[in-house]
Amino acid sequence: MRRLIVGDIHSHYDMLISALGKASFCPESDVLYSVGDILDRGGKPVETLRYLMSLPDFRPVLGNHDAYFESYLWNEEEPDIDWLMGDGGSNTVKEVSKLGKDERRAIRDFYSSFPVVRSEDDIIVVHGGIPAKYTEAELAAISAVKRPVPLLSGSDSLWLEDFLWNRSYLYSAMEDSAWARRGRKVDVRVKPVKTKKTIFIGHTQLRPECRPFVSKKFHLVAIDTGAGSGQGPLTVMDIDTKEYWQADADGIRL
Ligand SMILES: [Mn+2]
């Protein structure tokens, strides 16, 4: 059994299949984790959803795009998703709205299982980052409780801001290392979480580098290499060995 984790897929189904193929992912024996933002921007939301929902052991967390899409699924008549429609979600809504009621309900149930923070024995997975002053124990406690479903109901939530949007943890780690930080301004400096676990995040496109960012001091691995932009690869990483594989924007092997 291997544990693989995929970056922000953003409906790029062909890239997903290509990257998993390069990683020799075996759905029957391997676990696939996701840092969230599985939809929007790319062209194949339904194919992406059906594939991920078919996996025997898929372990995502909720991304900001996922939170808004979930909000739509709960209120298809009067959705409060202006932001989503302006950031690549219009195709998702168009395609998913064509599906039958049972499948839309199954997608809603699928999304309900996405935690905001996933904390396991040796890893923490969260979409955007970890704001200042959270302890490992607090993160584990948040991971253990069922989150509000939907997370958004007409107003933004603290969890959305803290864990799904926040980039301070990554930018603080980048500032600490020699990694270039073009346009990546640290608003709030965050200290490393005291933990022996490895923290995996997505959300922030690592372009133009197009490779994962690793900070031992911050126990951090960031893996959104920019697939959502159409100008970066999709990355799949082995959680235990840190080996990684990438598919480019056309699904062609790099
Ligand atoms: Mn995001």
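Our subject is the structure that appears above.
Here is a short report on the structure shown in this document. In this text the structure is predicted, and so the values were computed from the model without any measurement.

1. Description of unusual backbone geometry
In this structure, the amide linkage connecting Val149 to the following residue, Pro150, adopts the cis form with an omega of -5 degrees. Topologically, Pro150 is positioned in the loop between α6 (136–144) and α7 (158–165). Of note, the bond from Arg207 into Pro208 is cis; its omega dihedral lies within 30 degrees of zero at 5 degrees. Within the secondary structure, Pro208 sits in the loop between β6 (198–201) and β7 (213–215). The phi dihedral of His203 falls on the positive side, at around 80 degrees, and the residue is not glycine. Mapped onto the elements of the fold, His203 is located in the loop between β6 and β7. The phi torsion at Cys210 lies on the positive side, around 60 degrees, for a residue other than glycine. Inspection of the secondary structure puts Cys210 in the loop between β6 and β7.

2. With respect to helix α4 (residues 82–97)
In this model α4 runs just 16 Å from its N-terminal to its C-terminal C-alpha over 16 residues, more than 12% under the 22 Å that 1.5 Å per residue would give. Approximately 105 degrees is the largest bend angle found in α4, and it occurs at Gly88. Burial in α4 covers these residues: Leu84, Gly89, Thr92 and Val96. Where α4 is buried, its residues contact α2 (45–54), α3 (64–74) and α5 (101–112).

3. Focus: the sheet that holds strand β1 (residues 3–6)
If you trace the five strands from one edge of the open sheet to the other, you get β3-β2-β1-β9-β10, paired in mixed fashion. The sheet is open, and its two edges are formed by β3 (58–59) and β10 (244–247), each paired on a single side. Strands in contact with helix α1 (residues 13–22) are β1, β9 (234–238) and β10; relative to β10, the strand with the most contacts, it is inclined by about 145 degrees.

4. Considerations on the pairing of strand β5 (residues 123–126)
In β5, alternate side chains face the same way, and those of Ile123 and Val125 on one face and Ile124 and Val126 on the other are all buried. With three bridges joining them, strand β4 (residues 117–119) and β5 adopt antiparallel strand pairing. By the bridge assignment for β5, Arg118 is matched with Val125.

5. Quick word on the sheet that holds strand β8 (residues 220–222)
A sheet is described by the order of its strands in space; here five strands give the open sequence β4-β5-β6-β8-β7, paired in mixed fashion. The strands lining the two open edges of the sheet, one partner per strand, are β4 and β7. Ignoring strand direction, the axes of neighbouring strands in this sheet form an average angle of 15 degrees. Contacting β6, β7 and β8, helix α8 (residues 168–176) runs over the sheet at an angle of about 105 degrees to β8.

6. A look at the packing of α3 against α5
Helix packing geometry: the angle between the two helix axes and the distance between the axes. At a minimum axis separation of 10 Å, α3 and α5 run at an interaxial angle of 140 degrees. On the basis of the axis angle, α3 is oblique to α5. In this structure, the crossing between α3 and α5 has a hand that is left-handed. For the pair α3 and α5, the contacting residues are Asp66, Glu70, Leu73 and Trp74 in the first and Arg104, Ile107, Arg108 and Tyr111 in the second. Grouping the constituent residues of the contact of α3 with α5 by class yields four nonpolar, no polar and four charged.

7. Brief notes about α8
Every buried residue belonging to α8 is among Tyr169, Leu170, Tyr171, Ser172, Ala173 and Met174, and all of these are buried. Among the structural elements, β6, β7 and β8 are those in contact with the buried residues of α8.

8. Description of the nonpolar core
In this structure, Leu4, Ala19, Phe200, Leu220 and Val236 are the most contacted members of the largest nonpolar core, which totals 66 residues. Apart from residues lying up to four places away in sequence, Phe200 is in contact with Ile5, Val35, Ile123, Val125, Val221 and Ile223.

9. Focus on the pairing of β1
Pairing geometry for β1 and strand β2 (residues 31–34), over four bridges, is parallel. Residue pairing across strands places Arg3 opposite Val31, the latter belonging to β2. After leaving β1, the chain enters α1 and then returns to the sheet as β2, a path that is right-handed. As judged from the three bridges shared by β1 and β9, these two strands associate in the antiparallel manner. Note that in β9 the partner of Leu4 across the bridge is Asp238.

Rules behind the numbers
- Residues numbered from 1 in each chain as written.
- Predicted model: local features only at pLDDT ≥ 70, side-chain atom pairs only at ≥ 80, totals over all residues.
- Helix = DSSP H or I, 4+ residues; strand = E, 2+ residues; numbered from the N terminus.
- Expected span 1.5 Å × (residues − 1).
- Bend = angle between axes of the 7 residues up to and from the residue.
- Buried ≥ 20, exposed ≤ 12 C-beta atoms within 10 Å, placed from the backbone.
- Contact = placed C-beta atoms within 7 Å.
- Pairing = 2+ DSSP bridges.
- Axes fitted to C-alpha atoms, helices over the stretch in contact; angles between N-to-C directions.
- Parallel < 35°, antiparallel > 145°, perpendicular 65-115°, else oblique.
- Left-handed = near helix turned anticlockwise from the far one by under 90°.
- Nonpolar A, V, L, I, M, F, W, Y, C, P; charged D, E, K, R; others polar.
- Core = buried A, V, L, I, M, F, W, Y, C linked by C-beta atoms within 7 Å.
- Right-handed = clockwise from strand over helix to strand, strands pointing away.

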